[in-house]
Every structure is written in structure tokens, then in C-alpha cells.
Amino acid sequence: MLQDLNQKQVSTIKMPLDLPDSIRAAQESALKNLGVSLSESTKLAEAVMMLSAFYVKNPEKSSPWHEVWAQIAYLAYYMPLNWWRLCGVVSRGQQLNFFTGFEHYIDFGSGLGSLGFAFDESQLSFISGTCVETAKQAINLHRGLADQSLTPLVWNQGSTPEQIKPNTLAAFSYSFTELEKLPDWVSDCDGLLIVEPSTQEDSRRLQTLRGELLTQGWHVWGPCTHAEPCPLLVLSDRDWCHDRFQWTQPAWLKQIENKMPIKNGTLPCSWLMMRRDPPAIADKPQKLDLGRMTGDLLEYKGFSKQLMCRGRAREFVSWQRRDFKKNTPEIGRGDLVRISQGLDVKGNEVRPKFFEDIVKI
Ligand SMILES: C[S@@+](CC[C@H](N)C(=O)[O-])C[C@H]1O[C@@H](n2cnc3c(N)ncnc32)[C@H](O)[C@@H]1O
């Protein structure tokens with residue numbers, strides 16, 4: 001392998017440049033109440049490093065909301081970062097018409113509400129949003145940030161929602177990782193959205209869950225364009241399916257990162273969208289022509305290749321230098337592609353001849 005070209009790739013997802021003004025103002029005021037300002041990047045970075053160390057040391061434990069440093073770290077850094085990731089995931093879902101028909105959502109482990117703010121950013125409104133969160137400190141901070149929510153929100157500090165209404169989406173953003181299993185009430189919902197850290201362990205756990213839910217009558221809408229066994233899980237011991245969003249950090253966030261070893265040049269995460277009804281793409285006769293890029297572009301002597309998923313095979317698209325010179329198409333990890341039928345396949349490599357053979361959609 002000569003070079004990882006992923007930085008040059010352009011994803012189809014356009015990320016917002018900054019948090020909405022109303023959330024920025026509420027974030028600043030909540031930080032002030034905790035004795036710090038957004039411009040005190042050294043103090044903020046220290047809090048973030050403490051929470052990061054906590055997560056590394058205790059991967060299965062719940063976030064330590066009783067600690068002021070954890071509240072500061074979440075307000076200044078993790079809430080915005082998760083919001084940006086979720087804006088990317090929600091855009092992926094909109095491309096699949098995934099959110100159509102849902103009237104209510106349950107945000108389980110809602111924290112400071114990054115998910116609801118991402119729905120707002122995409123102008124997705126629901127009749128109601130129920131935020132289930134055990135930590136009262138998180139609920140109080142979330143209330144202060146959510147003044148302008150497009151969806152009326154209610155909070156539930158218990159861990160089990162009451163009766164599930166028809167057309168309810170169950171959502172877990174960075175909270176399934178803190179749970180031993182999916183709660184039972186999810187089986188009464190019509191849709192399920194899970195977003196997880198992009199680690200090998202969390203992502204493979206999510207792919208395993210996908211397989212189990214398929215046997216329980218759920219349909220997968222994304223990221224997979226098929227309902228076959230996941231090739232990255234079944235045919236490899238170490239691969240894991242995850243997305244990556246490109247973004248431009250606002251100056252205030254860059255200042256915090258400048259004081260830390262953590263850098264988020266791109267925003268990776270794993271996600272899964274499932275519904276009780278089959279995906280719109282399954283109706284199309286040419287469904288086999290849809291795939292998703294599941295890897296970054298890797299350049300080798302004579303060709304460059306990129307992991308792509310369209311079914312049970314673990315496959316790469318291989319752009320041969322003799323056909324494409326240096327003009328490899330720029331397709332981001334996570335992007336949907338339309339694939340011409342009947343392309344040459346050599347081993348695990350699909351070999352397009354023309355640009356029209358694999359097109360980003
Ligand atoms: C890592 S945070 C994620 C917060 C938010 N969803 C986000 O994306 O930024 C996980 C949240 O799940 C909450 N949580 C964990 N177990 C829970 C449970 N059994 N019931 C409700 N909330 C829970 C934690 O208190 C924490 O706020």
C-alpha cells in the first residue's frame with residue numbers, strides 16, 4: 001500500500017458550518033453557570049481529556065454526569081461533536097427516505113439532546129420526542145438547550161418508556177454502547193436508529209445485532225443496501241463497517257482541540273437504520289445495482305481500490321491505472337453508489353472500465 005487517499009475524497013454529505021445560534025447562546029450560558037466560558041479553551045480541554053480518559057478506562061460505564069468536569073466536557077465538546085455526526089447520519093437517512101411516516105421518537109440515553117438538534121437541523125419535526133435519560137444533570141442541561149426545538153419534547157428519567165404509540169422511532173445515539181442489550185420495548189416500535197462509536201468492538205456488535213433483528217422480522221434500510229449476512233462480520237474477524245463525515249471545524253472548537261492530543265479531522269461513526277416495513281429500494285427491480293462504499297480509497301502500484309458492500313461478498317472496487325490513469329473517482333466512505341451490471345470480477349475485486357460503471361448517488 002502506498003498511500004491512504006481518504007482526505008482527498010469528497011463525501012456527498014454536506015455538514016453544517018456551526019451549531020445554530022440559539023444552541024450556541026444556550027451552551028455559553030450553561031457553561032457560565034458551571035464557572036467557565038467557551039473561550040477558556042485550556043480549561044475546557046482539561047475537562048474533555050478527563051471525560052475521554054474515563055470512557056477509555058470504563059468503556060461499559062454510564063457517563064459520570066454528577067461530575068462538573070463531565071458536564072463541561074459534554075456541553076463544550078461531545079454534544080457538538082455528536083450533533084455534527086448525527087447531522088451526517090440524518091442526511092444519510094433522508095437519502096433513503098428512512099424517516100418518512102414516523103410521528104414520535106424516543107431518544108434513549110438522550111444526554112444533552114444532540115439527536116433532536118440534528119433532526120431540527122434537517123427540518124425533521126415529529127408530533128413528540130421522548131427523551132429517556134437517567135441523569136438528572138443531563139436532563140436539566142438539555143432542557144436549557146432545547147428552547148427552540150421543532151418537536152415538543154418530554155423527559156422521562158425512568159429507563160422504560162410507557163406505552164409505545166404507533167409510528168414511533170426508537171433511537172439510540174452513543175447509548176447502546178452503555179447497555180447490555182436492546183431494551184424489550186423496542187420491539188413495539190416501527191423503526192430503529194442506532195448510532196455508535198466507530199470502534200471495531202462497537203461496530204461489530206451493531207452488525208451482530210442487525211443479523212439478530214433480521215431474524216425477528218425487521219428490515220434493514222441502511223447502511224446496507226441488502227439483507228444478506230454482513231460480509232465484514234461473517235467473512236472477516238477484524239473488519240468493521242463504519243461511516244466517515246468530512247467537516248470544517250469552527251474556530252471555537254478548533255481552539256479546544258489545539259490544546260488536546262485528540263484530533264477530529266473527520267468524524268467517523270457506525271450507524272444502523274431498521275424498520276418494520278421493507279426499504280423503498282427493495283421495490284426497485286435494479287436493487288442489486290445499489291451498493292455503499294465501506295472503506296477509504298487505498299492506492300497501490302497500478303491500481304487503487306476501495307471496499308464496497310452490495311451483498312454477501314466482501315468486495316473491493318478496483319480502479320485499474322491503465323483504464324483510469326490517476327483519475328480515480330472521488331467517492332467517500334459511506335456514500336451510496338449505483339453499480340453497472342456485469343462488471344468484470346477478479347477474485348474479490350470488481351473492476352469498472354468506465355466512470356459510469358460506479359456512480360455516487
Ligand atoms: C454517551 S451518552 C450519549 C448522549 C447523547 N445521546 C449523545 O449522542 O450525545 C449516553 C447517555 O445514556 C444515558 N444512559 C445510559 N444508560 C441509560 C439507561 N439505562 N436509561 C437511560 N439513559 C441511560 C447516560 O446517562 C448518558 O447520558
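Residues numbered from 1 in each chain as written. Predicted model: local features only at pLDDT ≥ 70, side-chain atom pairs only at ≥ 80, totals over all residues.

Working note: non-glycine residues mostly have negative phi, and peptide bonds are mostly trans. Backbone torsion omega between G222 and P223 reads 5°, so that peptide bond is classified as cis. Residue position: P223 is located in the loop between β7 (219-222) and α7 (231-234). Even without being a glycine, Q123 presents a positive backbone phi close to 60°. Mapped onto the secondary structure, Q123 falls in the loop between α4 (114-121) and β3 (128-132). Q123 gets classed as exposed once you count the C-beta atoms within 10 Å, which come to 8. (Helix = DSSP H or I, 4+ residues; strand = E, 2+ residues; numbered from the N terminus. Buried ≥ 20, exposed ≤ 12 C-beta atoms within 10 Å, placed from the backbone.)

The next point concerns the site of the ligand. Around the ligand, the structure places 21 residues, and the nearest of them are N82, G109, G111, S159 and S173. Every element with two or more residues in the shell around the ligand is listed here: α3 (68-95) and α4. Tallying contributions element by element places α3 first for the shell around the ligand, with three residues. Taken together, the residues that form the shell around the ligand break down as eight nonpolar, 11 polar and two charged. (Near = placed C-beta within 6 Å. Nonpolar A, V, L, I, M, F, W, Y, C, P; charged D, E, K, R; others polar.)

This paragraph deals with the domain arrangement of the protein. You can read the domains of the protein as domain 1 (13-283) and domain 2 (287-360). Taking only C-alpha atoms, the centre of domain 1 and the centre of domain 2 are 30 Å apart. Each partner contributes residues to the interface: domain 1 has 18 residues there, and domain 2 has 15 residues. Sort the elements by how many residues they give to the side of domain 1 that touches domain 2 and strand β8 (residues 243-246) lands first, with three residues. (Domains from an automatic or database assignment. Contact = placed C-beta atoms within 7 Å.)

A separate point is helix α2 (residues 41-57). In this model α2 runs 24 Å from its N-terminal to its C-terminal C-alpha over 17 residues, within 8% of the 24 Å that 1.5 Å per residue would give. Listing the buried residues of α2 in full gives S41, L44, A45, A47, V48 and L51. Each buried residue of α2 lies within a common arc of 160° when the element is viewed along its axis, so the set occupies one face. Exposed and facing more than 90 degrees away from the buried side of α2 are T42, A53, V56 and K57. (Expected span 1.5 Å × (residues − 1). Arc of directions from axis to C-beta.)

Turning next to the pairing of strand β6 (residues 191-196). Looking down a regular strand, the side chains alternate between one sheet face and the other. Counting buried residues along β6, six of its six residues qualify, which places the element largely inside the surrounding structure. Residues G191, L193 and V195 line one face of β6 and the alternating positions L192, I194 and E196 line the opposite face, and both faces are buried. Sheet analysis places strand β5 (residues 168-173) next to β6, joined by five bridges and oriented parallel. The residue of β6 that forms the bridge with A171 is L193. In terms of strand pairing, β6 meets strand β9 (residues 266-275) through six bridges, oriented antiparallel. Pairing of V195 across the sheet is with W271, part of β9. (Pairing = 2+ DSSP bridges.)

Turning next to the packing of α3 against α4. Between two packed helices, both the angle of their axes relative to each other and the distance between the axes serve to describe the pair. Two elements in contact, α3 and α4, have axes separated by 8 Å at closest approach and are oriented at 45°. It follows from the interaxial angle that α3 and α4 lie oblique. Remark: the crossing between α3 and α4 carries right-handed chirality. Along its contact with α3, which presents M79, N82, W83, L86, C87 and V90, the element α4 presents S114, L115, F117, A118, F119 and E121. (Axes fitted to C-alpha atoms, helices over the stretch in contact; angles between N-to-C directions. Parallel < 35°, antiparallel > 145°, perpendicular 65-115°, else oblique. Left-handed = near helix turned anticlockwise from the far one by under 90°.)

Let us look at α4. Burial within α4 is extensive, with eight of its eight residues counted as buried. At the C-terminal side of α4, Q123 shows a positive phi close to 60°.

Our focus in this paragraph is the nonpolar core. Counting residues in each nonpolar core, the largest one holds 86 residues, and the members touching the most others are A73, L75, A171 and I194. When residues in this core are grouped by element, the largest group, 16 residues, is from α3. Residue assignment places this core across two domains, with domain 1 (13-283) and domain 2 (287-360) each supplying three or more. If sequence neighbours within four positions are ignored, A171 has contacts with Y105, I106, D107, F108, L115 and L193. If you look at the next biggest cluster of nonpolar residues, it comprises five residues, including L232, L233, W240 and C241. (Core = buried A, V, L, I, M, F, W, Y, C linked by C-beta atoms within 7 Å.)

The next point concerns the pairing of strand β13 (residues 315-320). The pairing of strand β12 (residues 303-309) with β13 spans six bridges and is classified as antiparallel. Bridge pairing links F303 to Q320 in β13. Here β13 runs beside strand β16 (residues 349-351); their pairing, made up of two bridges, is parallel. Following the sheet pairing, F316 is matched in β16 by E349.

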